[in-house]
Structure formats: C-alpha cells, structure tokens
Amino acid sequence: MSESRVRQVNAAGRMELPAPTTNGSMPLEAAIGRRRSRRSFRAEPLALADLSQLLWAAQGVTNPAGFRAAPSAGALYPLELYVVAGHVEGLASGVYRADVSGAALDHVQSGDERQALARIALHQDWMVDAPVIIAVAAVFERTTAKYHARGERYVHIEAGCAVQNVYLQATALGLGTTVVGAFDDEAVQRRLGMAERERPLALLPVGRYQD
C-alpha cells in the first residue's frame, strides 16, 4: 500500500471513518439465510468503507438520542471495539480503538498484530489471512454498577448481539467472519493496549472469503 493512499491520522491520533450506509441492497432475510462462519480468506485488502460499515453494525449510533445498533441493558453500553488492521485500504497496519459515537478510529499502536493474536488464540493460524480482526471487549462495571451480578449476563447478551450484527453485515457486504472465543484474555488485553478494566470477549477476523 503506497503511503499516499494511507489516510492520515491527525495530531491527536484520530482518523475519521467514511459514513456508513443505512440502505443496503441485501434483504435481512437473505443475510440470515446466507450467514456462515468463514475461516478461509482471499489475499485481498478490506475497503475502509466496509470496515466502517462493520463497526457501525456492531455498535454504531442509530438514533439522535444515542441509541446503538445492538441492544444494551439500561442503555449503559459496556462494549468497546478494537481494530487490528493488517491489510485495510487507506489504513496503516496497527491497532485502533473505535469511537462509535464519533465514527472515528483512535490510534493505539503501530504494527501488524494479526500473527500475535493468532498465536494467543491457541495458534489458529487461519486468522492471519483475514485483512482485519475486530476485537470486542467490555467494561463490565458500567452494567454491574446498576444490575449487580446479573449485569454480567447482560453484558454477554449484548456482546452476542453485536457479534451477530457483524456476521450479518459481513454477509451483506460479501465478506465472511468467524467469532473466536478461545484465547488468553490477559495476553489479548496487553497485546492490544486495552485499558485495565476492559476485558476481551471475542475476536472477529473479517475478509473476502474463499468460495
């Protein structure tokens, strides 16, 4: 990828994302019917607009009041999304934290971490072939402060809703993914520069899949 094609991160380490579309060409019923877990990807970059669309499907703001694409108990929104970019058009390899309310990425660190994540995820080497990996994490205290122990369950329900949204959006875009839950939590947290209170819940390698 030429340097001229890489979008510039501003002085604050932030890059704006393309606006997502809210009027796709694939009916929801078709996306549900075609959704499958995909672990074999073509050697093709992911378009930045597609990455933006996937993040919007997971946690995008869909209402002027701030409600998001996935339901959240008490509208407390404990989830955080990280982007592990390896081969995304217009985006330098690195780790980014998604700001879903501002439709932007905040730079965390440079370098391609896909191989390291695959190793941490019990050596699932197929993950490296995906041009991007979306990591879903949660700050459980945002929900448990109100709902106490029951809040743990609500966070996991919310994460499942967000993951399924990514699956369906990927299907509608002609992309594939598989949710990965087998990994060393602390190692993922350290490797991606997550805050101490953020606990990783799922990894979603996404790309154009092999037929």
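As annotated in an unreviewed UniProt entry, the protein carries the name SagB/ThcOx family dehydrogenase and comes from Ferruginivarius sediminum.

Q: What should I look at first to understand the overall build of the protein in this one?
A: What the protein contains, in helices and strands, is six helices and seven strands. When the helices and strands of the protein are read in sequence order from the N terminus, they spell out β-α-α-β-β-β-α-β-α-α-β-α-β. For 211 residues, the compact-globule formula gives about 17 Å, and the C-alpha radius of gyration of the protein, at 16 Å, lands near that figure. Dimensions of the protein, computed from the C-alpha atoms along their principal axes, are close to 50 × 40 × 35 Å. Counting the 211 residues in the protein, one finds 47% classified as buried. For the protein, the share of sequence-separated contacts (at least 6 apart) that also reach a separation of at least 24 residues comes to 71%. Carbon and sulfur atoms form 48% of the exposed surface of the protein, whose accessible area is close to 10,100 Å². Separation of charge centres in the protein, based on 22 positive and 22 negative side chains, amounts to 5 Å.

Q: Would you take a moment to explain the UniProt feature "domain: Nitroreductase" (unreviewed entry) in the protein for this structure?
A: According to UniProt, the feature "domain: Nitroreductase" (unreviewed entry) maps to residues 33–208 in the numbering used here. For residues 33–208, helix accounts for 33% and strand for 22%, while the C-alpha atoms at its two ends are 18 Å apart.

Q: Explain unusual backbone geometry to me, please; I cannot follow it from the model alone.
A: Phi is mostly negative for residues that are not glycine, and the peptide bonds are mostly trans. In this model, Tyr77 sits at a positive phi of 50°, which is unusual for a non-glycine residue. On the secondary structure map, Tyr77 appears in the loop between α2 (48–59) and β2 (79–85). One non-glycine residue, Ala103, lies in the positive phi region at around 50°.

Q: Sorry, what's going on with α2 here?
A: What sets the pattern is the α-helix's 3.6 residues per turn: residues three or four places apart point alike. With 12 residues, α2 should cover 16 Å at 1.5 Å per step; its first-to-last C-alpha distance of 17 Å lies within 8% of that length. Across the 12 residues that make up α2, a large majority, 10, are buried. Those residues of α2 that sit buried are Leu48, Asp50, Leu51, Ser52, Gln53, Leu54, Leu55, Ala57, Ala58 and Gln59.

Q: Before we go on, may I ask you to explain the sheet that holds strand β4 (residues 104–110) in this structure?
A: Hydrogen bonding along the main chain pairs the strands of a sheet, whether they run parallel or antiparallel. Sheet architecture is open: seven strands sit in the order β1-β4-β3-β2-β5-β7-β6, paired in antiparallel fashion. The open sheet is flanked by β1 (14–16) and β6 (176–177), the only strands paired with a single partner. Judged from the six bridges that link them, strand β3 (residues 94–99) and β4 form a sheet pairing that is antiparallel. Bridge assignment links Val95 to a residue of β4, and that residue is Gln109. Where α2 meets the sheet, it contacts β1, β2, β3, β4, β5 (132–138) and β7 (199–207), and its direction lies at approximately 160° from that of β2. Against the sheet, helix α5 (residues 150–172) makes contact with β2, β5, β6 and β7, and its axis sits at roughly 5° relative to β7, the strand it touches most.

Q: How should the environment of Ala19 be read in this particular structure?
A: With respect to the helices and strands, Ala19 occurs in the loop between β1 and α1 (28–34). With relative accessibility at 72%, the residue Ala19 sits in the exposed group. Separated by 188 residues in the primary sequence, Ala19 and Gly207 have C-alpha atoms spaced 20 Å apart.

Cut-offs applied
Sequence positions are assigned chain by chain, starting from 1 and proceeding in written order. Where totals are concerned, whole chains, interfaces and linings use all residues; where local detail is concerned, this predicted model gives features only for residues with pLDDT of at least 70, and gives and counts side-chain atom pairs only at 80 or more. In computing side-chain properties, one takes all heavy atoms of the structure into account and sets aside hydrogens as well as water. Secondary structure elements are taken from DSSP: a helix is a run of H or I of four residues or more, a strand is a run of E of two residues or more, and numbering for both begins at the N terminus. The reference for a compact globule is 2.2 Å times residues^0.38; the radius of gyration itself is calculated from the C-alpha atoms. Per-residue accessibility, obtained with a 1.4 Å probe over protein chains only, is compared with the maximum for each type, and a residue is labelled buried under 20%, exposed over 50%, and partly exposed between these values. In what follows, a contact means two residues having at least one pair of non-hydrogen atoms within 4.5 Å. Using the Shrake-Rupley algorithm and a 1.4 Å probe, accessible areas are obtained, with residue cover drawn only from the displayed protein chains. Charge counting follows a simple rule: Lys and Arg are positive, Asp and Glu are negative, and His as well as the terminal groups are ignored. We put the charge of a Lys on NZ, of an Arg on CZ, of an Asp on CG and of a Glu on CD. UniProt positions are given in the numbering used here, feature names are shortened, and annotations may be inferred rather than shown by experiment. By definition here, a helix of n residues has an expected span of 1.5 Å times n minus one. We call two strands paired when DSSP finds no fewer than two bridges between them. For helices, the fitted line uses only the C-alpha atoms of the stretch in contact; every axis is such a line through C-alpha atoms, and the angle between N-to-C directions lies from 0 to 180 degrees.

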